[in-house]
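A closer look at the structure
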Amino acid sequence: MIIQLKEEITQKELKSLNEVLDEMNIDHYPVRTQNGQYQICTPKAEFDIRNIGHLDGIVDVHRVSGKHKMVSHKWKIDRSIIDIGDDVKMGDGHFELMAGPCSIESEEQIINTVECLKNNGVRIMRGGVYKPRTSPYSFRGLGMDGLKLFYKTCSENGIKIITEVMEAGQIEAMMPYVDIFQVGARNAQNFNLLEALGEVDKPVLIKRGISGSIDELLFSAEYIFKNGNEKIILCERGIRTFETSYRNTLDLNAIPILKEKSHLPVIVDPSHGIGIRKHVYQMTLAAVASGCDGILIEIHKTPNSAATDGQQTIDFKEFSRLTEKIKKMREIL
Ligand code: PEP
Ligand code: MN
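If you're wondering where the values come from, they're calculated on a predicted model, not measured in any experiment.

Some words on the coordination of the manganese ion (ligand 2)
Donor atoms from the polypeptide that bind the manganese ion (ligand 2) are Cys-102 (SG), His-272 (NE2), Glu-298 (OE) and Asp-309 (OD), placed at 2.1 to 2.4 Å. For the manganese ion (ligand 2), all donor residues lie on one chain, and their spacing in sequence is C-x169-H-x25-E-x10-D. Of this pair, Cys-102 sits in the loop between strand E7 (96–100) and helix H3 (107–119) while His-272 sits in helix H9 (residues 270–274), and the two are 170 residues apart along the sequence. Here the two residues Cys-102 and His-272 agree in accessibility, since each one is buried.

Quick notes on the sheet that holds strand E4 (residues 58–62)
Strand order across the open sheet formed by four strands is E2-E3-E1-E4, with antiparallel pairing between neighbours. Edge strands, defined here as strands with exactly one partner in the open sheet, are strand E2 (27–32) and E4. Here the strands of the sheet are splayed against their neighbours by 20° on average, with no regard to which way each runs. Sitting on the sheet, helix H1 (residues 11–23) touches strand E1 (2–5), E2, strand E3 (37–42) and E4, and the angle it makes with E3 is about 5°.

Things to note about the packing of aromatic side chains
Within the structure shown, the criterion is met by three aromatic pairs. Here Tyr-151 and Tyr-177 contribute two aromatic rings whose centre-to-centre distance is 5.3 Å and whose plane-to-plane angle is 75°, an arrangement assigned as edge-to-face. A residue pair is termed long-range when its members are at least 10 positions apart, and Tyr-151 in helix H4 (residues 143–156) and Tyr-177 in the loop between helix H5 (171–174) and strand E10 (180–183) qualify at 26 residues. On the basis of relative accessible area, Tyr-151 is assigned to the partly exposed category, the value being 33%. Relative to Tyr-223, the ring of Phe-191 has its centre 4.4 Å away and its plane inclined at 25°; by these criteria the two rings are stacked. In this pair, Phe-191 sits in helix H6 (residues 191–198) while Tyr-223 sits in helix H7 (residues 214–226), placing the two residues 32 residues apart along the sequence. Judged by relative accessible area, which is 30%, Phe-191 ranks as partly exposed. A residue is classified by how much of its surface remains accessible, and Tyr-223, at 31% relative accessible area, is partly exposed. In this structure, Arg-321 packs its charged tip against the face of Tyr-281, placed 4.7 Å from the ring centre.

Reading guide: rules and limits
Residues numbered from 1 in each chain as written. Chains lettered and ligands numbered in written order. Predicted model: local features only at pLDDT ≥ 70, side-chain atom pairs only at ≥ 80, totals over all residues. Heavy atoms only, no water. Donors = N, O, S within 2.8 Å, 3.2 Å for Na, K, Ca; no water. Helix = DSSP H or I, 4+ residues; strand = E, 2+ residues; numbered from the N terminus. Buried < 20%, exposed > 50% of the residue type's maximum accessible area, 1.4 Å probe, protein only. Pairing = 2+ DSSP bridges. Axes fitted to C-alpha atoms, helices over the stretch in contact; angles between N-to-C directions. Contact = heavy atoms within 4.5 Å. Phe/Tyr/Trp six-rings, centres within 6.5 Å; stacked < 30°, edge-to-face > 60°. Lys NZ or Arg CZ within 6 Å of the ring centre and 35° of its normal.

Put into C-alpha cells, the structure is as follows:
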C-alpha cells in the first residue's frame, strides 16, 4: 500500500497516521522524493483501507499488492516521463536515441561523434569514462579528465551526456558534467550506489544485471526511488544464458513485461544485447518494434580501432542508415 501525503501535512497529522498504522500492526516506511511524500506500507494481512483514507493530511491511498511499490504501475497509472532538459524526454511516447562510443578515448573522437549525432538529429551521447572491465589489465577509461573533455564539446553543441558511475564516491565530482547517470549491469545490485543515486536530482539509467531477473531490476529501481529520486530509466541489455553463440541473450520479452509492471520508461541496449556488430542493426529494429522508449547504442568512426567493445560497435554510416530506418519504423508503429 502507498499512502500519498499532502505536501503541507502537519506533524500532528503525521503522528496520528503513524499511530493508526501502528495500532493496525502495519509496517510503514516514510519516503520523500522530488515529487512528493509517501508512507509505504507492507501489511501482513488484509485490512480496511477506510480506516486510513479518512485521516487528515492524506491525498490518496493506493492498494499495491505486489512486491514492488513505488516503481509499480499499480499506483501510478500515468506513465513517467523523464525530462532531461531542453525538450529531451523519455517515456510515454517520448523516444530518444543515445549513441556514442563504449569508451571516451580522445577529444577528437568526441568531436567527430558529436558531429555524427547532430547530422542524425540525436540529442544524447553515451561514452564511458569509468569502465568496468573483466580483466584489471584492460583499458579502464579516462576518468574525470575524459569527462571534462566530453562535457566541453557536448555542452557547446547542445548534446546531453550519459555516462557510467561505478561507485558512490564518484557522484559528487561527476555531477556538474552528467545529464544521466548510468548504472552498469555489474552494479545493478550495488545497493549503496543505488541509494546514493536516490539522493541525486538527475535521471538514472539502470541496466539489468548480467544474470538479473526482471523482479531484481525493479527492486534495484525501487532502491533509487525510495531514497528520493523518481527519475529512473530501466534498460534491457541482454542477460547471460546457456547460449554461447552471442555475447548475451537480448531479452525483448522484458520490454512489454517491464512496461506492464512499472510506470518507468524502458530502453534497450542492442550493442551489449547481442555483442556482434553485424547484427546490431537488425536487433535495434526489433527492439524498437518491442515498444521501448529509447535505444542506447555503441557507435565509433572506426569501430575496429575502438578502445573497448569494437566488436559490437557500428560505424557512423551504418548508424545514419539505422536512424533513418528507426524514424520510418516509428511512423508505422
Ligand atoms: C557499457 O554501456 O559500455 C557497459 C559497460 O554496459 P553493461 O554495464 O551493460 O555491460
Ligand atoms: Mn560497452
